[in-house]
Structures are given as C-alpha cells and as structure tokens.
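# Topology and contacts: notes
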Amino acid sequence: MAAQEGQESTGSSSSSRIRKKPVCIITIGMAGSGKSTFVQRINAHLHSLTPPKPPYILNLDPAVANVPFEANIDIRDTIDYHEVMKQYNLGPNGGILTALNLFTTKFDQVLDLVEKRAENVDYVIVDTPGQIEIFTWSASGAIITDAIATALPTVIAYVVDTPRTVAPATFMSNMLYACSILYKTKLPFIVVFNKTDAQPHAFALEWMRDFEVFQEALATHQSTTDDEGSPTYMNSLMNSMSLVLDEFYKHLKSVGVSSMTGDGVSDFFEAVEASRDEYEKEYLPELVRMRAQRDATLQKQKEDSTARMLADLAVDRANHTFTARDRWNPNEEEEDEDDGGESNIIDRSAPWPGQYIDLTQARRREDQDTTWPRPA
Ligand SMILES: Nc1nc2c(ncn2[C@@H]2O[C@H](COP(=O)(O)OP(=O)(O)OP(=O)(O)O)[C@@H](O)[C@H]2O)c(=O)[nH]1
C-alpha cells in the first residue's frame, strides 16, 4: 500500500506528469534464504492493491523445479538446464552458470520485452539462481544487472535468512557478502531480513546501529583471548571488520519481512520508493558520466584505428596487387550476422496487439534435437 500511496502522492508533481518508469527489484540471497517465497509475497502484495499493480516477473534460475509465482519470462522456457549439463558434461553449478551464459546472449530480447511492458507496470521483479555466487560473481550476472540498471531504475533486494544469522560471526559474513555486492553493483541496496515470523530481526538492527553491542555479542560467542591473555587473531580481525562494516551500515536500508505472513512488505515498498530517488539522484548521474567516459574512450580508439588504417592504405596503394584484391565488389554477397529478427524469448503473459507468441515453443519438446553451441 505504501508504494501505491508513494506513487499517488507524487502524482501532482511536475516530474510525475511523465509516467514514472517501473522500478526493477533484483532479488539476491544465499540458497534457502527465501528469495522465491519473497518474490511471491511481494507479487501477491502488488496484486492485492486497489487497483492491482501486477508486476512483470523474470525467473533467472534455470535449475528451480517449481516457483511459487507465474513468471512472465522464465529462463527455463529458453534453456533446458539438464540438457546443458548433459551436452557440456557439467555438474549442477557449471550447468546453471552455462545456462545463464547462454541466456545472457539473448538478454537484448528480454530487455525489449520488458521495455514494451514498462508503460503498463510499476515493478519488474527478477528472481536469481539459488547459488548466489553464480549470479553475483559471473560475467553474465554483471551483464544482466548492468543492462537492466541502464534501462530502468534498479534496486537490489538482498534477502537474509534471519534465523540463520543470529550468530555474530555468521551475521558478519553475511553482511560482508552484502557489502561486496553493493560495491560490485553500486546500485541502491535493501537488506531484507526475511523469516521474521521465526526470528525477529531486532538483534540485527541493534548490531548495525551500535558496533560496541555487536562486539560484546562477539565476545560472548567465542573466546576473545588466547592462553597468554592476548586477543585472538579471529577476535582482532572481527573487531576490525565490524568497524569497516559500521561505515557500510550507514548507507544501507534494511527492513524485516516475513514472506510467510506478509509482515513488513509495506516497509519494503517504502524502501524501494526511497531507492528509486537514490537511483535517480546518485546512480543515474554516475551512469551517465561513466557512459560519456566510455564513449570518449571508444571514440579515441576509433580515431586511432582509422588513422592506422589510413596509414596502412597509403602503404598498400604502392602495391597494386593488394589494391586490386581488396577492392570492394558490390556483387559479392555480404555475410549477414543478423538472425533475421527471429526471437526465441517467450513472454508468457497475454500478447499485446501485433505481438505473435508461438506457444508451441513454451516448453522444449523431447523430440527436439537441440545442439547447444559449445562454449568458447
Ligand atoms: N518461517 C518462514 N519460512 C520461510 C519464509 N520465507 C521462506 N521460507 C521458507 O524457506 C525455505 C526456502 O525458501 P525459498 O523461497 O525456496 O528460498 P530460495 O532462496 O528461493 O531457495 P533457493 O532458490 O533454493 O536458493 C522454504 O522452506 C520456505 O518455506 C518466511 O518468511 N518464514
């Protein structure tokens, strides 16, 4: 409801005369933290609003057997994870990574579909693979995140299994991981302490607010001195880390949610709306600056290679054999790398006017003899 109110209350402002772009929520978290249940909960929340605001959902987990929500685009419709494992002779993690790599090659089509729907939805939700590192530390994860963040205001929802982080050392490891993702993506970041019905997250907020309380908790959980009475290496390390994290916590939004009961979901959407502003004020200008820098570098490279090519041509002109061989022949057929605009990403939702969706492609059929391209 908060999100809805947030949108309506700004409805009269001059900036909102142009329709706001949807916010993309990328859900990341350790295996079993409750990502899919969380996505289903926020999906249900958006459907329950008046009027309902159904989101556009992307499932990027090729290995998941069942998802509790109806995804609009599902990686499993395009990539058969078991087939990838078989053909490339891979284990489960290699299979998920290769499936994600293959899907990334089609991500421009996904973005096209998302952008077509941007007029009609307020939120795009992305569920990521269960093995967190496959998304956060792979080239394809970075490409997908960057592509989405360039097209839409984007926020990372980092889902934490609260009952499993009550031990200070585990809590700190989880927060260090969150910190690494924040610095890698540089996107607005919300820590979602999930499963608060099983374990309230007040302890986590207290540890994040006051590092001395956290250090006390550390001291009670493990011995802080060795046999000679000096602080143990682990103790010193964790104390220093907690000081580093103290800075990180200052820039962090955190909410407690129960994906089971729905408790805290409104707080989450308030944090999302605040993150949209953060994206527009901080991330977008930085993105524009980096893009301008990249364009300038590319332009410089282009000018350098043009200069080199002209110099080479000057040398070649002295040699008539090369000149004759390299002359452009208009009758020669050019190699066409375009696939003719053929699309094989499936949008499961109702087609919009003019859009043809071949539902026979919605599931890979047993009789299809697909040969995946070998990885380079
Ligand atoms: N008590 C409680 N259990 C939850 C909550 N959210 C998720 N769970 C449970 O946590 C388990 C894992 O949930 P999933 O949604 O499958 O987690 P996931 O992160 O998507 O799992 P992977 O995709 O395998 O990484 C399931 O048994 C859920 O029922 C919650 O808010 N409260």
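Under an unreviewed UniProt entry, the name given to the protein chain is GPN-loop GTPase, and the source organism is Multifurca ochricompacta. In its Function (unreviewed entry) section, the UniProt record describing the protein chain reads: "Small GTPase required for proper nuclear import of RNA polymerase II (RNAPII). May act at an RNAP assembly step prior to nuclear import." In its Subunit (unreviewed entry) section, UniProt records this for the protein chain: "Binds to RNA polymerase II."

Before going further, it helps to spend a moment on a nonpolar patch on the surface. Together, M309, L310 and L313 line one region of the surface with nonpolar side chains, adding up to about 270 Å² of accessible area. For M309, a relative accessible area of 46% translates into the label partly exposed.

A few words now on the confidence of the model for the protein chain. Close inspection of predicted coordinates is inappropriate for parts of the model with low pLDDT. Looking at the protein chain, pLDDT values average 81 and 77% of them are 70 or higher. Low confidence marks residues 1-16, where pLDDT is under 50. Its contacts with residues over four positions away, or in another chain, come to 21 contacts. Predicted confidence for residues 352-365 stays below pLDDT 50, and this span has 22 contacts to residues more than four positions away or in other chains. For this predicted complex, the interface confidence reaches an ipTM of 0.97, while the overall pTM sits at 0.76.

Tallied over the entire structure, the rule returns two cavities of 30 Å³ or more. By volume, the largest cavity amounts to about 40 Å³. Lining of the largest cavity is provided by C24, L58, F107, L111, V114, V124, V126, I148 and L152. Sorting the residues of the lining of the largest cavity by element identifies α6 (107-117) and β4 (123-127) as the ones contributing at least two each.

Another point: α6. The set of residues buried in α6 consists of F107, Q109, V110, L111, L113, V114 and R117. Close packing links the buried residues of α6 with β2 (56-59), β3 (73-74), α5 (92-104), β4 and α8 (139-151).

Turning to the packing of helix α11 (residues 211-221) against helix α12 (residues 233-250), a few remarks are in order. With their axes 10 Å apart at the nearest point, α11 and α12 run at an angle of 155° to one another. One way to sum up the angle between α11 and α12 is to call them roughly antiparallel. Judged by the twist between their axes, the crossing of α11 over α12 is right-handed. In this structure, α11 contributes F211, F214, Q215 and L218 to the contact, and α12 contributes M238, N239, S242, L243 and D246. Here the contact of α11 with α12 is composed, by residue class, of five nonpolar, three polar and one charged.

A separate point is the site of the ligand. K35, S36, T37, D197 and S259 are the nearest of the 16 residues found near the ligand. Interatomic distance of 3.1 Å between a backbone N/O atom of G32 and an oxygen atom of the ligand. At 3.0 Å, a backbone N or O of G34 approaches an oxygen atom of the ligand. Out of a free accessible area of 650 Å², the ligand has 69% covered by protein chains. Among the elements that line the shell around the ligand, the one with the most residues is helix α2 (residues 35-48), at three residues. Among the residues making up the shell around the ligand, the classes are represented as three nonpolar, nine polar and four charged.

Thresholds applied
The residue numbering used here restarts from 1 in each chain and proceeds along that chain's sequence as written. In keeping with the model being predicted, local features are shown solely for residues with a pLDDT of at least 70 and side-chain atom pairs are shown and tallied solely at 80 or more, while totals for entire chains, interfaces and linings include all residues. The side-chain numbers reported here are obtained from all heavy atoms of the structure, hydrogens and water having been left aside. UniProt positions are given in the numbering used here, feature names are shortened, and annotations may be inferred rather than shown by experiment. Here the term patch refers to residues with relative accessible area over 30% and no salt bridge, with like charges joined within 9 Å and nonpolar side chains (Val, Leu, Ile, Met, Phe, Trp, Tyr) within 5 Å. Calculation of accessible area relied on Shrake-Rupley with a 1.4 Å probe; when residues are assessed, cover is drawn exclusively from the protein chains displayed. Salt bridge criterion: a side-chain nitrogen from Lys or Arg within 4 Å of a carboxyl oxygen from Asp or Glu. Think of it in three bands: with a 1.4 Å probe and only protein chains considered, a residue is buried below 20% of the maximum accessible area for its type, exposed above 50%, and partly exposed in between. For every residue, the pLDDT score states the predictor's confidence, bounded by 0 at the bottom and 100 at the top. Residue contacts follow a heavy-atom distance rule, with two residues in contact if any of their heavy atoms lie within 4.5 Å. Grid points spaced at 1 Å over the protein atoms alone were grouped into cavities, where a 1.4 Å probe fits but cannot get out, and pockets, open sets with protein on both sides within 12 Å along at least five of seven lines, with lining residues defined by an atom within 4 Å of a point. Grid points are joined across faces, edges and corners, and a volume is the space filled by probe spheres set on the points. In this text, helices come from DSSP runs of H or I with a minimum length of four residues, and strands from runs of E with a minimum of two, each type numbered from the N-terminal end. Note on geometry: axes are lines fitted to C-alpha atoms, helical ones only across the stretch in contact, with angles between N-to-C directions running from 0 to 180 degrees. Relative orientations are named as follows: roughly parallel for angles under 35 degrees, roughly antiparallel for angles over 145 degrees, roughly perpendicular for angles from 65 to 115 degrees, and oblique for any other angle. Crossing handedness: left-handed means the near helix sits turned counterclockwise from the far one by under a right angle, and right-handed means the same turn made clockwise. Side-chain classes follow a simple rule in which Ala, Val, Leu, Ile, Met, Phe, Trp, Tyr, Cys and Pro form the nonpolar group, Asp, Glu, Lys and Arg form the charged group, and the remainder, Gly included, forms the polar group. In this text, near means that some heavy atom of the residue lies within 4 Å of the molecule or strand in question. Think of a polar contact as two N or O atoms within 3.5 Å of one another; within protein, one of them needs to be a possible hydrogen donor and the other a possible acceptor, and neighboring residues in sequence only count if both atoms come from side chains.

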